[in-house]
Structure formats: structure tokens, C-alpha cells
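Residue-level structure breakdown
Each chain is listed here by its residues.
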Amino acid sequence: MSVPVEGFSKLSKNQKINWLVTNYTKNPEESKKVLEQYWNNDASVQKLHDEFIENTISNYYLPFAVAPNFLINEKLYVIPMAIEESSVVAAASKAAKFWLERGGFKSEVLGTEKVGQVHFIFKGDKAKLHQFFNTIKPNFYKDTASITKSMEKRGGGISDIQLRDLSDKIEGYHQLHCTFETLDAMGANFINSCLEQFAKTLQEGAASYIDFTDEEKAIEVVMSILSNYVPNCLVKAEVSCPVEALDGDTIAPNEFAKKMVRAIEIAKAEPYRAVTHNKGIMNGIDSVVLATGNDFRAVEAGIHAYAAKDGSYSSLTHASIEDGIFKFWIEVPLALGTVGGLTSLHPLVKLAMQILQNPTAKELMQIIAVAGLAQNFAAVRSLVTTGIQKGHMKMHLLNMLNQMGATENEKQQLVDYFKDKTVTNASVREALEKIQAK
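To start, this report covers the structure provided alongside it. (Residues numbered from 1 in each chain as written. Predicted model: local features only at pLDDT ≥ 70, side-chain atom pairs only at ≥ 80, totals over all residues. Heavy atoms only, no water.)

**Some thoughts on unusual backbone geometry**
To keep things clear, this is the line we draw: What counts as a helix is a DSSP run of H or I of at least four residues, what counts as a strand is a run of E of at least two, and both are numbered from the N terminus. Burial classes: relative accessible area under 20% of the type maximum marks a residue as buried, over 50% as exposed, and values in between as partly exposed (1.4 Å probe, protein chains only).
With phi around 85°, Ser87 is a residue other than glycine that occupies positive phi space. Summarising the element assignment, Ser87 is placed in the loop between strand E2 (75–82) and helix H4 (88–100). Among the residues examined, Ser87 registers a relative accessible area of 17% and is labelled buried. Phi angles above zero are rare outside glycine, and Asp323 is one such case at about 50°.

Printed below as a string of C-alpha cells:
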């Protein structure tokens, strides 16, 4: 029977597990065994993992894979990917090999500006507020000097602070819209620390500003927080080649190129298609973001907002045919870090960074944008030629056979059997039953 608990966070790890399995699982001993079998054998490594978050009781495994043969700006990479979905790594690898023979990927960072905001309510004369802001603006920099000192030494820091009037949306609503450069750090803690000091400076300055009435002095700071929408922290990746160099599997290169362009046009025009189209891009992006210890939820939120920046949700990728050249590209906002957080703590994340040759944040932006572009190229290529299910279901075959309890010998026989056949749940079950009946 489910029961509430007091002081759960203060219990030891074993006490937490015992309480959980006793009160919320059908077979406590078996449940405990499952949790413990995913612990790391090295107690120090397990302790490190336990301390990443609160109330840790075990580790949750995802496959950690690599996709080789990525030529990016004339440099060869093997890209680590952490993801559970079958066919993603195979598709990325296939796209990497395809473009390796056609000049590889080109990528460039278009901007690295990150954003944070102090949201506040001001009731009074807006002209006086702007006058006050211009008077107090130098204090924002001065009062955060101890926070920004180290970042400024490395070439980063606060880029700008603007006063924005949004009272047409909410009565009295204004904000300090602040931009930052955080270099190789993702910078969330740095930005939030600056913003919280800005808020104190704002309120303290207003309280003593002689030209304000008592009501105007009582600025209400609602919240101070970074934004995960970073449209000026932007990276572009692209591939191109002569149309005749394209191999469309079952169709001629010229027809293949036209179908690719048309498929992208549909994803630009139709939000129902665009969502699935962009989800495929995120298969590539998220898996590398996760493997490198970055915040994939922040990346997802920012990218999907960017996909709707023109008023309708649309494709993140673009394609064209001009003067006999096929071109395929992506522009996405990516706020990433290569120092701090899990990047310097998680053993597999540190290894992933080594595999990527210890990239800077700008280089990681380019690598991850390429992973998204490669994934999308592979997916759209399948859709306009053989169809998505042919390759996807074959990659899913082993998962299906494991669910059906097939032996190693049966799995090998059926992998061979389905090399030239359509994979469906029904066809796999039927073929397995025939083998087992012999």
C-alpha cells in the first residue's frame, strides 16, 4: 500500500531503497536487485554519480555509441552519441560516409550571445524610469565586478543591458534584457548570479532615486533568470555537391535532388510534418548533447522556439538546387559548454570530449549542428526513396527478437532471413514460431 514519507532526503541510500521497494513494488527483493545491478562496481565512481542529483537510488543506462567518418571543416571526427532509439546511429554514420566522399560538412558559428532577463513591475512615469535606468546602468557592471572578473579575463562577460517596456502585454511589466558571452562555459550559473545582483541593484537604486514617487520607488522584481531562447547563439552547417554526384538509391540523382528539395518545402509549409521532421534532427543533436554532458532540455526548448520564430512552426533545415549544385543546410541556436558541470565530472562525458579531440564550445556547436544535419539528410533520403520503415524496422529487429525471447541462434537465423524481407512485428513472430516448431 502506498504511503507518504517524512524526511526522505535525509535517509541513507539503502534506507531510501528499502522504503521504496517495500511500499511501491510488488516484489521488493527483485526490485532491489534490479536497482543494485546497475550500480558501478567502483564505489568512488558510484558515489560520484550518486551526488549528481538528489535521492539517487541507481543509474539509468542508455547505449553510448559512436558514429565515425564525419569530415567537418576538413577535420575527421568520430561522434559519440547517447540514445535509446534504434537506427539513429546507423543513419548518422551512413550520412557521414555519404558526404565524406563528397567533400564533407562545412560549419561556422554565426554568434555566441546568451540571454538573461530581470522581470519587474513598475507603476509610474515611464520617462522617469528610462531616465533612472540610464543613471543607474553603470552600477549594474560595478556591482557584478566580483562575479564577472574571471569571465572577463578570458574574454567574456556582460555584453549589454537594455530596459524593455512590455506594459502593452502586462500592466506595468518591464524587463532588463541582458546579453552575455560565456566562452566555453554554458554559463547558466554565471548568468543567473549576475541577474540576481542586477535585481538588487535595480531595487536599491529605485528606493533612493530622488525623482521617484513612493509608488515608483517600490519596483517589484518578479524573477531573475536566464533564457534558453538564444537566437543569436547560432551555428550553421551545410553540405553541397553537384547534382550528378548524388546517389538516390533507387532513383536518378536529378530526381532524388528534386524530391529532397520538395520534402523540405513540405516541412517548411506544414507544421504537422515539420514537428516530425525536426524531431529527427533532434535525434542527432540530443544524442551528442547528452553524450557530452550538456542540457538537452534547454537545447530542445531553444531550438523548437527558433523553429517558430517567423510565426509558424517550420523546418530547421533548408535545401536548394542552383546551377547544378545541390545544397542542404541547417541553422540552429545551441548554447553549450565544454567546461564546468558534468563535462568535468562524468567519466563518460570526459571520454566523449576526448573522442571529439577536446573541442571548444564553438567547435562543439559545429559538431552537434552537423550531427543534426546528417540525421535529417539520412531520414529524408529514406523517406523519398525506399521509405522510412525498411531501414528502421531492420534496426529494430533485434529489439523485437529480444522481447520475444529468441535465443542467440534464433536471432542469427532471423537476421539472415530478414536481410531481403519486410520487417513487421507479425512477420517476425511468425518466422520465429516456424523456427521454434522445427
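**Structural notes on the environment of Leu398**
Stated precisely, the cut-off is as follows: Contact criterion: two residues are considered in contact whenever any of their non-hydrogen atoms come within 4.5 Å of each other.
As for its placement among the helices and strands, Leu398 is situated in helix H14 (residues 388–403). Ignoring any residue separated from it by four or fewer positions in sequence, one finds Leu398 in contact with Lys411 and Val415.

**Here we look at the pairing of strand E1 (residues 64–72)**
This is how the line gets drawn: Pairing between strands is defined by DSSP: at least two bridges between them are needed.
Two elements, E1 and E2, share 7 bridges in a ladder whose sense is antiparallel. Residue pairing across strands places Ala65 opposite Met81, the latter belonging to E2. In this antiparallel pair of consecutive strands, E1 and E2, the connection spans 2 residues, and Asn73 shows a positive phi of 50°.

**A closer look at the layout of surface pockets**
Where we set the bar: Cavities and pockets are found on a 1 Å grid laid over the protein atoms alone: a cavity is a set of points where a 1.4 Å probe fits but cannot escape, a pocket is an open set with protein on both sides within 12 Å along at least five of seven lines, and a lining residue has an atom within 4 Å of such a point. Grid points are joined across faces, edges and corners, and a volume is the space filled by probe spheres set on the points. When residues are sorted by character, Ala, Val, Leu, Ile, Met, Phe, Trp, Tyr, Cys and Pro go into the nonpolar class, Asp, Glu, Lys and Arg into the charged class, and all the rest, Gly among them, into the polar class.
Here the largest pocket is characterised by a volume of approximately 1,400 Å³. As for the largest pocket, its lining consists of 39 residues, and the residues nearest its centre are Phe52, Leu290, Gly293, Leu342 and His346. Across the lining of the largest pocket, the residue classes tally to 22 nonpolar, 15 polar and 2 charged.

**Some words on the side chain of Asn59**
Our working definition: Polar contact is defined as a pair of N or O atoms within 3.5 Å, subject to the rule that within protein one atom must be able to donate a hydrogen and the other to accept it, and that residues adjacent in sequence are counted only when both atoms are side-chain atoms.
By the element assignment, Asn59 lies in the loop between helix H3 (43–50) and E1. We classify Asn59 as buried; its relative accessible area is 15%. Separated by 2.9 Å, the side chain of Asn59 and the backbone oxygen of Tyr38 make a polar contact. Only 2.7 Å separates the side chain of Asn59 from the side chain of Gln46, close enough to count as a polar contact. Ignoring any residue separated from it by four or fewer positions in sequence, one finds Asn59 in contact with Tyr38, Trp39, Asn40, Gln46 and His49.

**Topic: the packing of H4 against helix H13 (residues 361–384)**
Two numbers describe a pair of packed helices, the interaxial angle and the distance between the axes. Put simply, the rule is: To get an axis, a line is fitted to the C-alpha atoms, and for a helix only the part in contact is used. The angle between two axes follows their N-to-C directions and goes from 0 to 180 degrees. For classification purposes, an angle smaller than 35 degrees is called roughly parallel, one larger than 145 roughly antiparallel, one from 65 to 115 roughly perpendicular, and anything else oblique.
The interhelical angle for the contact between H4 and H13, taken along N-to-C directions, is 95°, at an axis separation of 8 Å. Taken together, the axis directions place H4 and H13 in an arrangement best described as roughly perpendicular. From H4, Val88, Ala91, Ala92, Lys94, Ala95, Phe98 and Trp99 reach across to H13, where they touch Ala374, Gln375, Phe377, Ala378 and Arg381. Here the contact of H4 with H13 is built from residues that sort into 9 nonpolar, 1 polar and 2 charged.

**Comments concerning the sheet that holds strand E4 (residues 114–121)**
One open sheet holds the 4 strands; their spatial order is E5-E6-E4-E7, and the pairing between them is antiparallel. Because the sheet does not close on itself, it has two edges, and the strands there are strand E5 (157–165) and strand E7 (220–227). Each strand of the sheet is rotated relative to its neighbour by a mean of 15°, with strand direction disregarded. Here E4 pairs with strand E6 (residues 173–181) via 8 bridges, running antiparallel. Bridged to Val115 within E6 is Thr179. Sitting on the sheet, helix H5 (residues 126–143) is in contact with E4, E5 and E6, with an inclination near 170° to E5. Strands E4, E5, E6 and E7 of the sheet are contacted by helix H7 (residues 188–207), whose axis makes an angle of about 160° with E7.

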